[in-house]
Amino acid sequence: MVYGAIEAGGTKFVVAIGKESGEIIKRESYPTTEPAETMKAVIQFFKQYQDELKAIGIGSFGPIDIRKSSPTYGYITQTPKLAWRNYDIVGAMKKEFNVPIGFTTDVNAAALGEVSLGAAAGLSSCIYLTIGTGIGGGAVVSGKILEGFSHPEMGHIMVRRHKLDRFTGSCPSHSDCLEGLAAGGAIEKRWGKKGVELADDEEVWNLEAHYIAQALMNYTLILSPERIVLGGGVMKQRQLFPLIRQKLKALVNNYVQLPDLEEYIVPPKLEDDAGITGCVLLAVDALKSK
């Protein structure tokens, strides 16, 4: 008995077969081109395991429709990737595989992976924030993925601009939201270089921590997660962690008693496997709840 996992990213699709424990048995990846091409490769991968496949978990780039009562449930909706706009990814898999399918965002899946087997294992709540080309966040609360009429869009909250920051912001919808000011794309546009080329520039990372710490204060005061896991390409600059902790402490200003910040704000234990592991566990949950 095996479970299928699809981590549908804007750059590549990672597919895997895993065990109920979350262990990955086999995985492959394919470029995210157009639906017909990418999904053909995805479907062919799972056809090899059709007789043993019990459920599939899909964690997708978004926005997506996660409302099961909606006529467009299972769709990737208003994505900037035009070829995938209003694409029924769950329906495409259901046509080929008569198994339960779990569906959420890629960052929600990563949060599930980290709270189950990663940096937040043993806890009942966590936030996973990925800071890369864009910014996205997922949350698990009381052991369940946080969703409402839609899924969280944690990268698009508003933050206070630093008084010396003259960059207009790079988000096409909101200009200077968190993603517009602090995503990897914003770093490159503001400074004229990629983050990896700016590793030794203290000004860059102090400004970055200024925005991320504000976001974490908001998430902390609203959701009180037991742990915040920060992943994505930007957070591979590990010098950011102490800066963010320091600035978060100053912002909260003893209004609430924070946990030990060394343990509260951490990198992902599963690293780049957080999402695909979470998708396996999403498939397990889909079978149990069918």
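- Per an unreviewed UniProt entry, the protein chain carries the name fructokinase and comes from Listeria seeligeri.
- For the protein chain, the Catalytic activity (unreviewed entry) comment in UniProt is given as "D-fructose + ATP = D-fructose 6-phosphate + ADP + H(+)".
- Quoted verbatim from the Sequence similarities (unreviewed entry) heading of the UniProt record, the comment on the protein chain is "Belongs to the ROK (NagC/XylR) family."

### What to know about the overall build of the protein chain
Alright, step 1. Counting secondary structure elements, the protein chain contains nine helices and twelve strands.
Alright, step 2. Since a compact globule built from 290 residues should have a radius of gyration of about 19 Å, the 19 Å found for the protein chain is in line with a globular shape.
Alright, step 3. The dimensions of the protein chain, computed from C-alpha atoms along their principal axes, are 60 × 40 × 35 Å.
Alright, step 4. Every one of the 290 residues in the protein chain was classed for burial, and the buried ones make up 53%.
Alright, step 5. Considering only residue pairs separated by 6 or more positions, the protein chain has 63% of its internal contacts joining residues 24 or more positions apart.
Alright, step 6. For the protein chain, the exposed surface amounts to about 13,800 Å²; the carbon and sulfur share of it is 50%.
Alright, step 7. Across the protein chain, the 31 positively charged side chains and the 33 negatively charged ones have centroids separated by 3 Å.

### Some details on helix H9 (residues 274-288)
Alright, step 1. Relative to the 21 Å expected for 15 residues at 1.5 Å per residue, H9 spans 21 Å between its end C-alpha atoms, a close match to the ideal helical length.
Alright, step 2. Counted residue by residue, H9 has twelve buried out of 15 residues, so it is predominantly covered.
Alright, step 3. Restricting attention to buried positions, one finds in H9 the residues Ala274, Gly275, Ile276, Thr277, Gly278, Cys279, Val280, Leu281, Leu282, Ala283, Val284 and Ala286.

### Overview of the environment of Leu248
Alright, step 1. Relative to the assigned elements, Leu248 resides in helix H7 (residues 240-252).
Alright, step 2. Distance in space between the C-alpha atoms of Leu248 and Leu261 is 9.0 Å, their sequence separation being 13 residues.
Alright, step 3. Setting aside anything within four residues of it in sequence, one finds Leu248 in contact with Ala213, Leu216, Met217, Leu258, Leu261, Tyr264 and Ile265.

### Here we look at the domain arrangement of the protein chain
Alright, step 1. Once the domains are mapped, the protein chain shows domain 1 (2-109 + 272-289) and domain 2 (122-266).
Alright, step 2. Each of domain 1 and domain 2 has a C-alpha centre, and these two points are 26 Å apart.
Alright, step 3. Across the contact, twelve residues belong to domain 1 and 16 residues belong to domain 2.
Alright, step 4. Among the residues of domain 1 in contact with domain 2, Ile66, Val107 and Asn108 are the three that bury the most area, contributing 58% of the side total.
Alright, step 5. Run the count over domain 1 and domain 2 and you get one salt bridge.
Alright, step 6. The closest approach of N and O atoms between Lys236 and Asp272, which form a salt bridge, is 3.7 Å.
Alright, step 7. Elements with a minimum of two residues in the side of domain 1 that touches domain 2: strand S7 (101-105), helix H3 (106-117) and H9.
Alright, step 8. The greatest single-element share of the side of domain 1 that touches domain 2, amounting to three residues, is contributed by S7.
Alright, step 9. A class-by-class count of the residues in the side of domain 1 that touches domain 2 yields seven nonpolar, three polar and two charged.

### Considering the sheet that holds strand S1 (residues 2-8)
Alright, step 1. One open sheet accounts for five strands, arranged S3-S2-S1-S4-S7; its pairing is mixed. Single-partner strands in this sheet number two, and they are strand S3 (24-31) and S7. Within this sheet the neighbouring strands show an average axis-to-axis angle of 15°, counted without direction.
Alright, step 2. One ladder, built from five bridges, connects strand S4 (residues 53-60) with S7; its direction is parallel.

### Brief notes about the sheet that holds strand S8 (residues 126-131)
Alright, step 1. Ordered in space as S10-S9-S8-S11-S12, the five strands form an open sheet in which the pairing is mixed. The open sheet has two edge strands with one neighbour each: strand S10 (144-145) and strand S12 (265-266).
Alright, step 2. Pairing analysis gives six bridges linking S8 to strand S9 (residues 135-141), with the strands arranged antiparallel. Within S9, the position partnered with Ile127 by the bridge is Ala139.

### Let's talk about the pattern of salt bridges
Alright, step 1. Going through the model one piece at a time under the given rule, you end up with 13 salt bridges.
Alright, step 2. Close ionic contact of Glu28 with Lys26 constitutes a salt bridge, the shortest N to O distance being 3.9 Å.
Alright, step 3. Among the residues examined, Glu28 registers a relative accessible area of 29% and is labelled partly exposed.

### So, the nonpolar core
Grouped burial of nonpolar side chains is what soluble globular proteins tend to show.
Alright, step 1. Counting residues in each nonpolar core, the largest one holds 39 residues, and the members touching the most others are Leu216, Leu230, Ile244 and Leu248.
Alright, step 2. Formed by 32 residues, the second largest nonpolar core is a distinct cluster that contains Ile6, Phe13, Ile17 and Ile89.

### Brief notes about the packing of aromatic side chains
Alright, step 1. Counting across every chain of the model gives seven aromatic pairs.
Alright, step 2. Between Phe45 and Tyr49, the ring centres sit 5.7 Å apart and the planes meet at 55°, which makes this aromatic pair tilted. Note on accessibility: Phe45 and Tyr49 belong to one class, buried.
Alright, step 3. The interplanar angle of 80° and the centroid separation of 6.1 Å between the aromatic rings of Phe61 and Trp84 together place this pair among those described as edge-to-face.

The rules behind these values
Residues numbered from 1 in each chain as written. Predicted model: local features only at pLDDT ≥ 70, side-chain atom pairs only at ≥ 80, totals over all residues. Heavy atoms only, no water. UniProt positions renumbered as here; feature names shortened; annotations may be inferred. Helix = DSSP H or I, 4+ residues; strand = E, 2+ residues; numbered from the N terminus. Rg over C-alpha atoms; globule rule 2.2 N^0.38 Å. Buried < 20%, exposed > 50% of the residue type's maximum accessible area, 1.4 Å probe, protein only. Contact = heavy atoms within 4.5 Å. Areas by Shrake-Rupley, 256 points an atom, 1.4 Å probe, with all protein chains shown as cover. Lys, Arg positive; Asp, Glu negative; His and termini not counted. Charge placed at Lys NZ, Arg CZ, Asp CG, Glu CD. Expected span 1.5 Å × (residues − 1). Domains from an automatic or database assignment. Buried area = accessible area lost by both parts, 1.4 Å probe. Salt bridge = Lys/Arg side-chain N within 4 Å of Asp/Glu carboxyl O. Nonpolar A, V, L, I, M, F, W, Y, C, P; charged D, E, K, R; others polar. Pairing = 2+ DSSP bridges. Axes fitted to C-alpha atoms, helices over the stretch in contact; angles between N-to-C directions. Core = buried A, V, L, I, M, F, W, Y, C linked by side-chain atoms within 4.5 Å. Phe/Tyr/Trp six-rings, centres within 6.5 Å; stacked < 30°, edge-to-face > 60°.

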